[in-house]
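Listed here are the chains, written in short residue letters.
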Amino acid sequence: MDLSVSLQDGVALLEMRRPPANHFDEALIGQIVDAARELDDDPACRVLLLASEGKHFCAGANFGGGEFAADHVAAAERLYRRAAQLFDLRTPIVAAVQGTAVGGGLGLACAADFRVAEAATRFQANFGKLGFHAGFGLSVTLPELIGRQKATDLMLTARRVGGEEAHRIGLADRLAEPGRVRETARALALEIAASAPLAVRSMRATLRGGLAGRVRQALDHELAEQKVHWATGDSAEGIAASLARRPPVFTGR
């Protein structure tokens, strides 16, 4: 099973099970969406807790194997169609982020309402080091969370952000003690679950406004840019360098 689902005390745990990196594809994101949609209609569920098994939260798409290695464009089109549906959910989402949330994994974390991390957690929008435009709606969600200037910093430099800095700039909402990310995230989820569910959903919808629509527009633009970049030498170099764990050498072509 790539995803396990359990419900207790109003909190539904959705756990990705592709350790250690928990790479996603359309199938896994689709499983998350389908499970969350079913829970959206369950009055016993008041909060979704998105977590993952193993060392890392999510390293995004796997360009070294599977459908993304075979055809970047087709795989991304399928993935983004499903990813957009995450933003239609009515139930609040808390993400327990251990290890790294990199690339599309950062995008998945930013699709949640709250992110819980620890000092050792690493967030990274590494797209510039891979030679192509950011995706998974990060063009909207990241500036929403930390402001345009900080989002520009993280995207253009592709630098890693530790848990403490993430908490300081608003990327992480709670900073857990070492090894207690899941427990701290569940505690936050239980706090939310203790509030009136109709009021919680209503306030969330008001605060989010037209977020789902803006993310869909961003996904269309991001994919169009990625299609161009995936045909360049810089993208081929960036992906190859990442897989070989060496610094990329870009030429602007």
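Please refer to the structure placed before this passage.
Definitions and cut-offs
- Residues numbered from 1 in each chain as written.
- Predicted model: local features only at pLDDT ≥ 70, side-chain atom pairs only at ≥ 80, totals over all residues.
- Heavy atoms only, no water.
- Helix = DSSP H or I, 4+ residues; strand = E, 2+ residues; numbered from the N terminus.
- Rg over C-alpha atoms; globule rule 2.2 N^0.38 Å.
- Buried < 20%, exposed > 50% of the residue type's maximum accessible area, 1.4 Å probe, protein only.
- Contact = heavy atoms within 4.5 Å.
- Areas by Shrake-Rupley, 256 points an atom, 1.4 Å probe, with all protein chains shown as cover.
- Lys, Arg positive; Asp, Glu negative; His and termini not counted.
- Charge placed at Lys NZ, Arg CZ, Asp CG, Glu CD.
- Pairing = 2+ DSSP bridges.
- Axes fitted to C-alpha atoms, helices over the stretch in contact; angles between N-to-C directions.
- Phe/Tyr/Trp six-rings, centres within 6.5 Å; stacked < 30°, edge-to-face > 60°.
- Core = buried A, V, L, I, M, F, W, Y, C linked by side-chain atoms within 4.5 Å.

Novice: Teacher, can you tell me more about the overall build of the protein here?
Specialist: Helix and strand counts for the protein stand at 12 helices and nine strands. Here the protein has a C-alpha radius of gyration of 17 Å; the compact-globule value for 253 residues is 18 Å, and the two agree. With respect to the three principal axes, the spread of C-alpha positions in the protein is 55 × 35 × 35 Å. Considering the protein as a whole, with its 253 residues, one finds that 51% of them fall into the buried category. Restricting the contact set of the protein to residue pairs at least 6 apart, pairs at least 24 apart contribute 72%. A total accessible area of about 11500 Å² is found for the protein, and carbon and sulfur atoms account for 53% of it. Within the protein, one finds 30 positive and 30 negative side-chain charges whose respective centroids are separated by 3 Å.

Novice: Looking at this model, I keep getting lost on unusual backbone geometry. Mind explaining?
Specialist: Glycine aside, the phi torsion of most residues is negative, and most peptide linkages are trans. Cis geometry marks the peptide bond from Pro19 to Pro20, where omega comes out at 5°. With respect to the helices and strands, the residue Pro20 is situated in the loop between strand E2 (11-16) and helix H1 (26-40). Unlike most non-glycine residues, Asp9 shows phi in positive territory, near 55°. Although it is not a glycine, Ala158 sits at a positive phi angle of roughly 60°. Here Ala158 lies in the loop between helix H7 (148-157) and strand E8 (160-162). Judged by its relative accessible area of 4%, Ala158 falls in the buried class.

Novice: Help me out: how do you make sense of helix H6 (residues 138-146) in this one?
Specialist: Considered for burial, the residues of H6 that qualify are Leu138, Val140, Thr141, Leu142 and Ile146. At the C-terminal side of H6, Gly147 shows a positive phi close to 90°.

Novice: Sorry if this is basic, but what is going on with the sheet that holds strand E3 (residues 47-52) here?
Specialist: Consider a sheet: its strands pair through backbone hydrogen bonds, and that pairing is either parallel or antiparallel. Strand order in the open sheet made by the six strands is E1-E2-E3-E4-E6-E9, with mixed pairing throughout. The open sheet has two edge strands with one neighbour each: strand E1 (3-8) and strand E9 (174-176). Put simply, the sheet's adjacent strands are angled 20° from each other on average, direction ignored. Set on the sheet, H1 makes contact with E1, E2 and E3; between it and E2 the angle comes to about 170°.

Novice: Sorry, what's going on with the environment of Phe132 here?
Specialist: With respect to the helices and strands, the residue Phe132 is situated in the loop between helix H5 (127-130) and H6. Residue classification places Phe132 among the buried positions, given a relative accessible area of 6%. Each C-alpha atom, one on Phe132 and one on Glu222, is 9.5 Å from the other, the two residues being 90 residues apart in sequence.

Novice: Looking at this structure, I do not really get the pairing of strand E4 (residues 93-96). What am I missing?
Specialist: Consecutive side chains along a regular strand alternate between the two faces of the sheet. In E4, alternate side chains face the same way, and those of Ile93 and Ala95 on one face and Val94 and Ala96 on the other are all buried. For E3 and E4, the ladder comprises three bridges, and the chain directions are parallel. The residue bridging Leu48 from the neighbouring strand is Ile93, located in E4. The pairing of E4 with strand E6 (residues 114-118) spans three bridges and is parallel. Bridge pairing in E6 links Ala96 to Val116.

Novice: It is not clear to me how the packing of aromatic side chains should be interpreted in this structure. Could you clarify?
Specialist: What describes a pair of aromatic rings is the distance from one ring centre to the other and the angle between the planes of the rings. Tallied over the entire structure, the rule returns six aromatic pairs. Judged by centre distance (5.4 Å) and plane angle (35°), the ring pair of Phe24 and Phe136 falls under tilted. Of this pair, Phe24 sits in the loop between E2 and H1 while Phe136 sits in the loop between H5 and H6, placing them 112 residues apart in sequence. Of the two residues, Phe24 and Phe136, both sit in the buried class. Arranged with centres 5.4 Å apart and planes meeting at 65°, the rings of Phe63 and Phe68 form a pair that is edge-to-face. Taken together, the ring pairs connect Phe63, Phe68, Phe127, Phe132 and Trp230 into an aromatic cluster.

Novice: Is there a simple way to think about the nonpolar core in this case?
Specialist: Within soluble globular proteins, side chains that are nonpolar tend to cluster in buried spots. With 66 residues, the main nonpolar core has Leu14, Phe57 and Leu108 as its most contacted residues. Here the element with the most residues in this core is H1; it accounts for seven residues. Aside from chain neighbours lying at most four places away, what touches Leu108 is Met16, Phe24, Ile29, Leu50, Phe57, Cys58, Leu86 and Phe136. Core analysis: the next-biggest nonpolar cluster, separate from the first, contains 16 residues, Leu49, Ala51, Val116 and Val181 among them.

Novice: Even after reading the chapter, I still don't get the sheet that holds strand E7 (residues 122-124), so can you show me in this structure?
Specialist: In space, the three strands of this open sheet follow the order E5-E7-E8, with mixed pairing throughout. A single partner strand is all that each edge strand has here, and the edge strands are strand E5 (100-102) and E8. This sheet shows a mean twist of 15° between the axes of neighbouring strands, independent of strand direction. Here E7 pairs with E8 via three bridges, running antiparallel.

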